[in-house]
Number of protein chains: 2
Amino acid sequence: MRMTPQRQLVLDALLELEHATPEQVCQHVQRATPTVNITTIYRTLELLEELDLVRHTHLGHGAPKYSVHEHEHVHLVCHRCGHVDESPRSVMDELSAVLRTAHGFELDAGHLALSGTCQSCAQETP
Amino acid sequence: MRMTPQRQLVLDALLELEHATPEQVCQHVQRATPTVNITTIYRTLELLEELDLVRHTHLGHGAPKYSVHEHEHVHLVCHRCGHVDESPRSVMDELSAVLRTAHGFELDAGHLALSGTCQSCAQETP
DNA sequence: TTAAGTGCAAACGGTTTGCATGGAT
DNA sequence: ATCCATGCAAACCGTTTGCACTTAA
């Protein structure tokens, strides 16, 4: 693999943006180098993910979010306001164990988000 | 609301198919009535969801799955083979309580799937 | 001089919109 | 006469593909 300027830019963007859609990564990269094409963003994200440098999470609607593969956490998406909160992975430990024994299922807590109603939205309609 | 033939067909399809994408619902409906347009499927699914007769779940990639709003369960999606298993909602009770106290987050266990590796895929690469 | 990386355009799957027609009240 | 529901076509967003051009090994 060659660490081309484009690839470095994508990685830099992810380090800065924390969680970003391919589209957002592209915009960020294009501020520095406007010629970079979104196709390259997609291809680079796929590559970086194969190298385990990057992960993506499906938040429910629309495009997935990419982030550097560190500090894993669980995503809590509010389906009313769209706000995304985070919780340490450890909150899933118990569930993880249950699913393993009951289904033989190895949970990957980071990959899919949890959906629900966030605190402030829940207060609006008590 | 008027229960038109099209709407009844969509509801019937969901009762029969259990979990289906809008596309799959459409194909099923069109076997009985080929003239029904996919736009109507989308509009009807949205309507039925507002009436709480129907729910949709994001399984990660591609189109969401719709089902009649009964016997709620958690979806376990294998990100290797794509297989979807189900688990009773109660497996999330503990997590649900933790998220409520720690984040004020009201978990909606049915709406988003859990991602991981299913039993048979896990055995292939032990 | 071969292979990998890129940009561009075009296709794609899934979804939404605008608009004109049709039926039920 | 009005309004809701439908079909159709076109636009839309996010993503992937094919292909030609470039560049580094």
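For the structure, check the block above.
First things first, this report covers the structure right here in the doc. This structure is a prediction, so every number in the text was calculated from the model and none was measured.

1. Re the protein's contact with DNA strand D
Consideration 1: Neighbouring residues of DNA strand D: 17 residues in total, closest Tyr42(A), Pro64(A), Thr4(B), Arg7(B) and Thr40(B).
Consideration 2: Considering the 4 Å shell around the protein, atoms of DNA strand D inside it are sugar or phosphate in 69% of instances.
Consideration 3: One nitrogen or oxygen atom from the side chain of Gln6(B) is found 3.0 Å from a sugar or linking oxygen belonging to DNA strand D.
Consideration 4: Asn37(B) is positioned with one of its backbone polar atoms (N or O) 3.2 Å from a phosphate oxygen of DNA strand D.
Consideration 5: Listed by contribution, the elements that provide at least two residues to the surface near DNA strand D are α3 (38-50) of chain A together with α1 (5-17) and α3 (38-50) of chain B.
Consideration 6: Looking at the surface near DNA strand D residue by residue, the class counts come to 5 nonpolar, 7 polar and 5 charged.

2. Focus: the sheet that holds strand β5 (residues 106-107) of chain A
Consideration 1: As summarised here, the arrangement of the 4 strands in space is β5(A)-β6(B)-β3(B)-β4(B), forming an open sheet in which the pairing is mixed. Edge positions in the sheet fall to β5 of chain A together with β4 (84-88) of chain B, since each of these pairs with one other strand and no more.
Consideration 2: Pairing of strand β3 (residues 73-78) of chain B with β4(B) involves 5 bridges; the strand directions are antiparallel. Across the sheet, the residue bridging to His75(B) is Glu86(B), located in β4(B).

Cut-offs applied
Residues numbered from 1 in each chain as written. Chains lettered and ligands numbered in written order. Predicted model: local features only at pLDDT ≥ 70, side-chain atom pairs only at ≥ 80, totals over all residues. Heavy atoms only, no water. Near = heavy atom within 4 Å. Polar contact = N/O pair within 3.5 Å; in protein donor to acceptor, adjacent residues only side chain to side chain. Helix = DSSP H or I, 4+ residues; strand = E, 2+ residues; numbered from the N terminus. Nonpolar A, V, L, I, M, F, W, Y, C, P; charged D, E, K, R; others polar. Pairing = 2+ DSSP bridges.

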